[in-house]
Amino acid sequence: MSFVIYRGVEDADLANEYMASCNIEAWNNRMLKYEEHGKTILDIRLASIEKGPAEGITVDNAEFKGQNFRVSRGDASQFLKKMVEEISLAREYCANETEINMLDKYIECFTKGSIQAHKDGSAFWVKNKSPAVETYMGYIEVLRDPTNQRAEFESFVAVVNREQSRKFDTLVSRAEQEFLPLLPWSKEFEADVFSRPDFSSLDVVTFACSGLPIGINIPNYDDVREEQGSKNVSLTNVMSAHAGVRGGPFLSKEDTQLKEKYGSTSLEIQVGLHELLGHGCGKILRVKDDGTLNFDQEKVKNPYTGEPATHYQKGETYNSKFSNRASAYEECRAECVAMYLGLVDEILDVFSVAEEDRENIKYVSWLDMFYAGIKGLEMYQPKQSKWGQAHSMARFVILRVALEEGDGVVNVVETKGEDGLPDLLLTVDRSKIHTSGHKAIGNFLQKLQVYRSMGDSEAGRALFEKYSEVLMEGSHPFGKWHEIVVRKRKPRMVLIMPNTRIVGEEVELISYPETPESMVTSWVDRFAPKQHDFIEESLTAFTASWSRA
């Protein structure tokens, strides 16, 4: 067997077509390409402990559009074996039968490579309402995959912040009757029954992934979300760390002061709306497992053409249809929901916002979003004309929409800084937030939802590409301004994880000072000395398999 040159997008697109034809979802696989017995094989390698054939999971050889495919197992086996050993020990401390079933399904997924087992485990996780300790693990987020198909492994353990969770529970309880009907699309594009998400405000004990979010809405499986619902999680101590950052470029002194005063509350509301209602709202029009449609094909029409609404065929998912734009598009939709509903006074009442502070909270919320749009340019690669991060791309798109369609609700101009170098100034017109700003975001949000619901990736991607383009000329030449944004960039925030240890009958939390040395110490302390060699050997073996690919 010898490895051959990978054709990038061509091979990836063909593999996506093959997997859709076989009803295979890409969450837990990577693709290898090699020569075997004179044939070029595209090997879809599933992450699992077990290796070798398994009925209903692996495929030894299949030809599709002139290309030989194989579905095999055993990727990342050494890591997953260790995970399963620890999960098996954790079963003894489960609080109920649902938690035991959940962990058993995780074990089955990691052992066999079955995504269906992980979906079943995720369903049990959703059913496990309001536990004191939350944990979720698996191949979850596709943000780092260029095709938005394959997910990064992550795992977290966190404890529930009961007091903070009560506010979000109230928001959810009133969502279906009061707040979701305010969104700018007809009821045909909203779920028949709002699957009330189980919301928890959590304090993270440990979160193993490449970058910590401030809120998450999971599981990411559309079928599980529609049939079982989802959980929305706000990571309170992560949010507090972000809200504690002071200052920043591109704002007036007055706006900086408002941002520092109201930023924490604004962020809390934004994250709650984004995760609870943003990711939780809307309907995917699709063929169900039994072959029937989950909507009335005679009644549901495309509001922009009057034609019957299109839908997802069996084997198609939102990620497979919208491909490398799926994550940014969905994050943009959720952010727009938060902006749109964040202007509703009754929602601010849920978060105990004083009447005299309402307009400042709304202002800072929109200011923060537009500010994030400018800062998002840090993640843009001008030489390749590519975005490196989904959230950054999403917020830049929102800024562009408001600049072009918001009739002056926001503006960005080039100035000269105190150092004599070019600078930027972002301003927001308070008087236009409720009028032209609200209208612009509403119209854009409606299109995002309708195209997503219908699986119309052609129209959806065209809309998104229009506003994600970084122009070199015009009234807002962000391509030219990219240099300014990068030059004014601050070092990325580093979050140090605590550890725990058993002292007698108690569990002790170990925190660390805010220093680079503490980051290293935290990682070293997390593992017993005998595990250090295992980690090094496993990483070396796994990296070697990638280099061969």
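Residues numbered from 1 in each chain as written. Predicted model: local features only at pLDDT ≥ 70, side-chain atom pairs only at ≥ 80, totals over all residues. Heavy atoms only, no water.

What follows deals with the overall build of the chain. Across its full length, the chain carries 18 helices and 16 strands. For 549 residues, the compact-globule formula gives about 24 Å, and the C-alpha radius of gyration of the chain, at 24 Å, lands near that figure. Dimensions of the chain along its principal axes, counting C-alpha atoms only, are 65 × 65 × 50 Å. Counting over 549 residues, the chain shows a buried share of 50%. Excluding contacts between residues fewer than 6 apart, the proportion of contacts in the chain whose partners are at least 24 apart in sequence is 70%. Accessible surface, the chain as shown: approximately 26,100 Å² in total, 50% of it carbon and sulfur. For the chain, the separation between the mean place of its 65 positive charges and that of its 85 negative charges on side chains is 2 Å. (Helix = DSSP H or I, 4+ residues; strand = E, 2+ residues; numbered from the N terminus. Rg over C-alpha atoms; globule rule 2.2 N^0.38 Å. Buried < 20%, exposed > 50% of the residue type's maximum accessible area, 1.4 Å probe, protein only. Contact = heavy atoms within 4.5 Å. Areas by Shrake-Rupley, 256 points an atom, 1.4 Å probe, with all protein chains shown as cover. Lys, Arg positive; Asp, Glu negative; His and termini not counted. Charge placed at Lys NZ, Arg CZ, Asp CG, Glu CD.)

This part is about helix α3 (residues 97-112). Because the α-helix completes a turn every 3.6 residues, residues three or four places apart line up on one side. With 16 residues, α3 should reach 22 Å at 1.5 Å per residue; the first-to-last C-alpha distance of 22 Å fits that figure. Buried residues along α3 sit in contact with β3 (39-47), β5 (67-75), α2 (77-90), α4 (115-127), β6 (133-141) and β7 (152-160). The backbone nitrogen of Thr98 lies 3.1 Å from a side-chain oxygen of the residue at the head of α3, namely Asn96. Immediately beyond the C-terminal end of α3, within one or two residues, lies Gly113, with a positive phi of roughly 90°. (Expected span 1.5 Å × (residues − 1). Polar contact = N/O pair within 3.5 Å; in protein donor to acceptor, adjacent residues only side chain to side chain.)

What follows deals with the nonpolar core. Leu277 and Phe370 are the most contacted members of the largest nonpolar core, which has 89 residues in total. The residues touching Phe370, leaving out its near neighbours within four places in the chain, are Met339, Ile398, Leu399, Ala402, Val410, Leu426 and Val428. Ranked by size, the runner-up nonpolar core spans 37 residues in total, among them Trp27, Phe110, Val233 and Leu235. (Core = buried A, V, L, I, M, F, W, Y, C linked by side-chain atoms within 4.5 Å.)

Turning next to the pattern of salt bridges. Counted by the stated rule, this structure contains 36 salt bridges. One salt bridge connects Lys65 with Glu17, and the closest N-O pair in it is separated by 2.4 Å. Taken together, the positions of Lys65 in the loop between β4 (59-64) and β5 and Glu17 in helix α1 (residues 9-21) put the pair 48 residues apart, joining distant regions of the chain. For Glu17, a relative accessible area of 36% gives the class partly exposed. Salt-bridge contacts for Glu465 lead to Arg325; the nearest nitrogen and oxygen are separated by 3.0 Å. Taken together, the positions of Glu465 in helix α15 (residues 457-468) and Arg325 in the loop between α9 (318-322) and α10 (326-341) put the pair 140 residues apart, joining distant regions of the chain. Through salt bridges with shared partners, a single network forms among Asp345, Asp349, Arg358, Glu359 and Lys362. (Salt bridge = Lys/Arg side-chain N within 4 Å of Asp/Glu carboxyl O.)

Turning our attention to the state of the cysteines. Per the counting criterion, the structure on display carries zero disulfides. Unpaired in terms of disulfides, Cys22 finds its nearest cysteine sulfur in Cys109, a separation of 19 Å. Here Cys94 stays free of any disulfide, with the sulfur of Cys109 as its closest cysteine sulfur at 17 Å. (Disulfide = S-S within 2.5 Å.)

As a further point, take the packing of α10 against helix α13 (residues 390-405). The geometry of α10 relative to α13 is characterised by a closest axis approach of 8 Å and an angle of 55° between their N-to-C directions. Here α10 is positioned oblique relative to α13, judged by the angle of their axes. The way α10 lies across α13 gives a crossing that is right-handed. Note on element contacts: α13 touches α10 through Ala390, His391, Met393, Ala394, Arg395, Val397 and Ile398, opposite Ser327, Ala328, Glu331, Cys332, Glu335, Cys336 and Met339. (Axes fitted to C-alpha atoms, helices over the stretch in contact; angles between N-to-C directions. Parallel < 35°, antiparallel > 145°, perpendicular 65-115°, else oblique. Left-handed = near helix turned anticlockwise from the far one by under 90°.)

Pairing in this open sheet of five strands is mixed, and the strands run β6-β7-β8-β10-β9 from one edge to the other. The sheet is open, and its two edges are formed by β6 and β9 (215-218), each paired on a single side. This sheet shows a mean twist of 35° between the axes of neighbouring strands, independent of strand direction. Of the pairings in the sheet, the one linking β9 to strand β10 (residues 231-235) comprises four bridges and is antiparallel in character. Bridge assignment links Gly215 to a residue of β10, and that residue is Ser234. (Pairing = 2+ DSSP bridges.)

Attention now goes to the confidence of the model for the chain. In this model, the chain carries an average pLDDT of 91, and 96% of its residues clear a pLDDT of 70 or more. Within the chain, the element-level pLDDT minimum falls on strand β1 (residues 2-3), averaging 54, and the maximum on helix α14 (residues 433-454), averaging 98. (pLDDT = per-residue confidence, 0-100.)

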